[in-house]
Structure formats: structure tokens, C-alpha cells
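# Fold and contact review
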Amino acid sequence: MSKLKLDMNVELPALEEFQPVQLPEACWKILRDCDFEPLEEFEGINIAENREKVKEKMKDMDSSMVMNYFQSEKIEKLCLGWTVIMKSIVVTMFSGWPRDNYDFPAMPMDMAESEKHVYIGADLVPLTDIVINDWYREKYLDGFEPLYKQYLDLLDPTPNPMHWFRAISSPYVISGRPEAGSDRAVVKRASDCFVAYLKYWLEEIVAKAEPMKDPAHKEYVNKRKAKIRDEFRRKDPGGPPLGDDFG
Amino acid sequence: MVDHGEQIFFKSETLPTFTERGFQPILETFCKELDTLELQPIDTIEGKSIKLLRDGIERPFLKGYFKTYQTDKCEKITICNCILMERILTSAVIAIPNDDYELPMLVLEWSETESVISVVVDYIPLMDLVMREDYRVKYLDPLDQYWTKYKELPGMAPNRFAWSRMLFSPYHLSGHIPKQDEHNIKASLELMQNYLELWIDLCRKADPITDDTHKKYVKARKAQIRKIFRENDEGAKSLLQMVGKEIIDMLLLCSF
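Please read these numbers as outputs of a predicted model, since none were measured by experiment.

With that out of the way, let us pick up the sheet that holds strand β6 (residues 89-98) of chain A. Residues and elements named next belong to chain A. Strand order in the open sheet made by the 7 strands is β1-β4-β5-β6-β7-β8-β9, with antiparallel pairing throughout. A strand with exactly one partner marks an edge of an open sheet, and here the two such strands are β1 (37-38) and β9 (174-176). The pairing of strand β5 (residues 75-85) with β6 spans 10 bridges and is antiparallel. By the bridge assignment for β6, I85 is matched with I89. Taken strand by strand, helix α6 (residues 185-206) contacts β5, β6, β7 (107-113), β8 (118-122) and β9, and its axis lies near 165° from that of β7.

On to the confidence of the model for chain A, then. Note that predicted coordinates carrying low pLDDT should not be read in detail. When pLDDT is averaged along chain A, the result is 89, and 94% of the positions lie at 70 or above. Across chain A, α6 of chain A holds the top mean pLDDT of 96, while helix α8 (residues 239-246) of chain A sits lowest at 49.

It is worth spelling out a nonpolar patch on the surface at this point. On the surface, a nonpolar cluster with roughly 230 Å² of combined accessible area is contributed by F61, M85 and M242 of chain B. Looking at where M242 of chain B falls in the secondary structure, it is placed in helix α8 (residues 234-243).

Attention shifts here to the packing of helix α1 (residues 26-34) of chain B against helix α6 (residues 182-205) of chain B. The packing of two helices is summarised by the inter-axis angle and the distance between the axes. Residues and elements named next belong to chain B. Closest axis-to-axis distance for the α1/α6 pair is 10 Å, and the angle between their directions is 20°. Classified by the angle between their axes, α1 and α6 sit roughly parallel to one another. Between α1 and α6 lies a crossing of right-handed hand. Along its contact with α1, which presents I26, T29, F30, E33 and L34, the element α6 presents L189, M192, Q193, L196, E197 and I200.

Moving on, we come to the pattern of salt bridges. Once the charged atoms of two side chains with opposite charge are near each other, the side chains can pair. Counted by the stated rule, this structure contains 42 salt bridges over all chains. For K208 of chain A, the salt bridge is made with E204 of chain A, and the minimal N-O distance between the two is 2.5 Å. Using a relative accessible area of 53% as the deciding quantity, one classes K208 of chain A as exposed. Ionic pairing is found between K222 of chain B and E75 of chain B, a salt bridge with its closest N-O pair at 3.2 Å. Residue K222 of chain B is found in helix α7 (residues 212-232), and its partner E75 of chain B is found in strand β9 (residues 74-84); the two are separated by 147 residues along the sequence. Look at the salt bridges and you will find they share partners, linking D230, E231 and R234 of chain A together with E133, R136 and D141 of chain B into a network.

Moving on to the pairing of β8 of chain A. All names here are of chain A. A large share of β8 lies buried, amounting to 4 of its 5 residues. Hairpin remark: β7 followed by β8, antiparallel, with 4 residues in the connecting loop. Here 3 bridges tie β8 to β9, and the two strands are oriented antiparallel to one another. Its bridge partner being in β9, G121 is matched across the sheet by S175.

Conventions used here
Residues numbered from 1 in each chain as written. Chains lettered and ligands numbered in written order. Predicted model: local features only at pLDDT ≥ 70, side-chain atom pairs only at ≥ 80, totals over all residues. Heavy atoms only, no water. Pairing = 2+ DSSP bridges. Helix = DSSP H or I, 4+ residues; strand = E, 2+ residues; numbered from the N terminus. Contact = heavy atoms within 4.5 Å. Axes fitted to C-alpha atoms, helices over the stretch in contact; angles between N-to-C directions. pLDDT = per-residue confidence, 0-100. Patch = residues over 30% accessible without salt bridge, like charges linked within 9 Å, V, L, I, M, F, W, Y side chains within 5 Å. Areas by Shrake-Rupley, 256 points an atom, 1.4 Å probe, with all protein chains shown as cover. Salt bridge = Lys/Arg side-chain N within 4 Å of Asp/Glu carboxyl O. Parallel < 35°, antiparallel > 145°, perpendicular 65-115°, else oblique. Left-handed = near helix turned anticlockwise from the far one by under 90°. Buried < 20%, exposed > 50% of the residue type's maximum accessible area, 1.4 Å probe, protein only.

Structure follows, in C-alpha cells:
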């Protein structure tokens, strides 16, 4: 049992075509001893009930899903989960959103592993306009530069095809779909990148974040956060049911 | 436009070009589109003379010119055409709307050697695209057809610099395109032409900003973008030791 008093099923099943990288387990090792509490309700939605509905939908699609939700003093919603789609693709998802009195970047990430490819999307989405507010970039984003450079090989030569996603992304977004390769070393690298982004976000961003003091800034940040969340909910290709959870 | 060997006529001027050295007709491509605008040449920016660059400079490492113009909607449109170290053609069009308009800044950069064409194309938004989805739809999404057509040209790659990635629109493209294939060369020229042609069309249709608060925000964002470019421009940094600070400061003043 973790400090969270939760036992999350983090063991991805072996599939016929490949043995997936145990990314949820790697993330859980970081999260399990954090000062989080389980999140039971969000925006009036009972999470346990919703989870059962999602599970049923997934069964109809010959798929399965495990999702867990947490919260803390600074984080209003943190989600870690995985899904196996039609016994051939494993998707690990993570998202973290600050509470309304914090302005640190949100973190949406996902990694999809199949026999032939791995897709990774990892970013820290700024909650202000970083062109105007260069202090925000310096405070929260620039520290990611060494990590970003370390995993440049995972990027596709051309950016993510979704324009709405490119409009939201930070300068340090990792988005790519390289071939898995026969030794699956690239899959391991994508998993390492995912874990490194998560670790940095928790330890260097969230841990050091201070509450906002300026009411005007706070109002703007929360409007922007709502817009970003709305974009993900309306346009994420994972769509329902994954989109509901990502929100 | 009449082609006279290494010179082309543009507005009331005769501009030297470098096609006879084996470079592609990029200046001709730019001028053909820009010729449709009512461009007025300018000699001073922010109270400083730019005549030296307008008339053209000839230094051991840098030969060429920066011609800056204005229109009723743009505070400046600069055309650059230079030869660096006798072997690299650098040509660019940078257009910045005046304070009454919110349409994006145009950045088209072309750098050509014997074997490679390096390109940067973008419309830099003067608004926060998260808060203003309608801005993206109006001024940027029309680029989708061209972005989709050219994004997989060989050599396209993410930009290396975080400072520029944060300014870019979702339709930015950059890369180093090999010249071995005629198709790549043709596509690179078309990419420049398509981005320029569409921007001119958007500029023609643009209406002035009516809301003062909005106008103030656009102006502040434009100033910040200009500052970021002037502080970080990689081309200027690498030329600094070769041509000196005076030329570089003027060059940045013309461009951003």
C-alpha cells in the first residue's frame, strides 16, 4: 500500500505481438509516495461511477482501462492510467492540472506503444502568454531545455499534425512517432522521456510553486486554463472515453 | 517584371540579383508578389538612417542590400538580398503591420548554398492563440493547405531555438532542403510564393482594430516579439564579427 493508501494496478499485460514497457509502474514509483490524496469527485462527476461507465464502454470495444485520480494542496487533478486497445496498442496517460491559485504549467502526456511504433506526446502547457510574460518562461519552462535536448531524437521531423495542439504547446513539447525497432530500445527511450518530464514537473515545478498574489493575473490564468482544458476535451483524438478522463 | 541578366526592376529601382551565379530566382519570386502592393520606400526607422543598407553594402564577407518600404497597413516590409562569404545567398521578406492592424507578422527566410536551401516560413501571431481561437481561424488556418503540402519536404525539421519556437505559429516550417532533386527546388520556391501570396491577400482584407484595449495589447506583443528577435537573431550574431555592430544594428532595425 502506498502513502496514498491506494493499490493501483500498474502491471501492463503481455500482448501477443510484444511485451510492453512497464511505464505506468515507473510513474507509480514516483507518485506513490507523494503527498497526494485520491480524488473522488471532479466538476460534479463521481469518478468511481464514471470509471465504471468507461470500463463498460471499453469492453464493448474489446479494450480495457485502468485510471486513477489524485489531488494535493497544489494540484486539483492528477490522472495516471493505461488502456489496452483491441489487444494491440497500449496507451499510458498522465495529466496534471494546478489548482486555481497556482499558475504553474499543466502537464498532459501520453505514450502509445504498438508492435511497430511508439507515439509519445509530452509537454508542459503554459498558463500564460509566454511571449508577453517572459518571466513565466524563465521561471517554469527554460529549465526543461536540457531534458528536451536529451530527447530530440524522439521528435518527428514535422510537428504534430493537429493545429490546435501546436497552438497550445510549449517550446519544449516532445511529439513523435518513431519506429519501435526490433530491440524496442526507442520504446524504452520514449518511456524514459515520459518519466523524466513527470519527475521534473513534480520536483522542480510543482514543489517550488507559490500561490498567485495578483487577482488580475489569477483571473487570466484561470480563464486560460479553462480554454486549454476545453480544447483538449473537444479535440483530443482519444475522444470519449479517453477525452473525458484527460480533462 | 523584366529580367535584365543579374538585375531586376522592382518599383522604381533596379535590384541586383544573383541568379547568374547559379542561385535560384528567389528575389524574383518575392518581387513578383510584392510588386502588387503600393510600397513606399523609407530611409529612416525609429529616427535612425538606414540609407547605408538601402543603397547596398559591399564588404569582404557581406554584399547586398536591405530595402525597407511601408504601406497603408504595414509599418515596414523589408526585402533582403545578400551574398555571404561569396557562397551563400540569403534572401528574406519580413513584414510588420502598423499599430492599427492585428494581422500576423510575415517572416520568410531563404538561405542557399551550392547543395542546400534553408528555409524559415511563418506568420507570427500578434495575439495569444489560446485565448483567441478566432484569430487562428481567421489569419492562420488558411495556411493549413500549404503547411500540409510542404511539411514533408526532405530536410524539414523542428527549429533548434526555444526563443523562436515560442513565437512561432502552428504553421511554421523550417528546414534544410537538399538541392539534388529538381522537385525539391521547385517546391521550396513555391512554398515561399504561397506563404507570401496568401499573406498579401490577408493584408488586403485586414480591417483596423477598433478596440483600444485590444490595440494596446497587440502593440505590446509586437514590441516584445521585436525585442526577442533583435536580442536573439542567429544570423545577426554570426555576422557581428565580420561586419561590425553598426551594420548589424541597422540590419536588425530594418528587419524587426
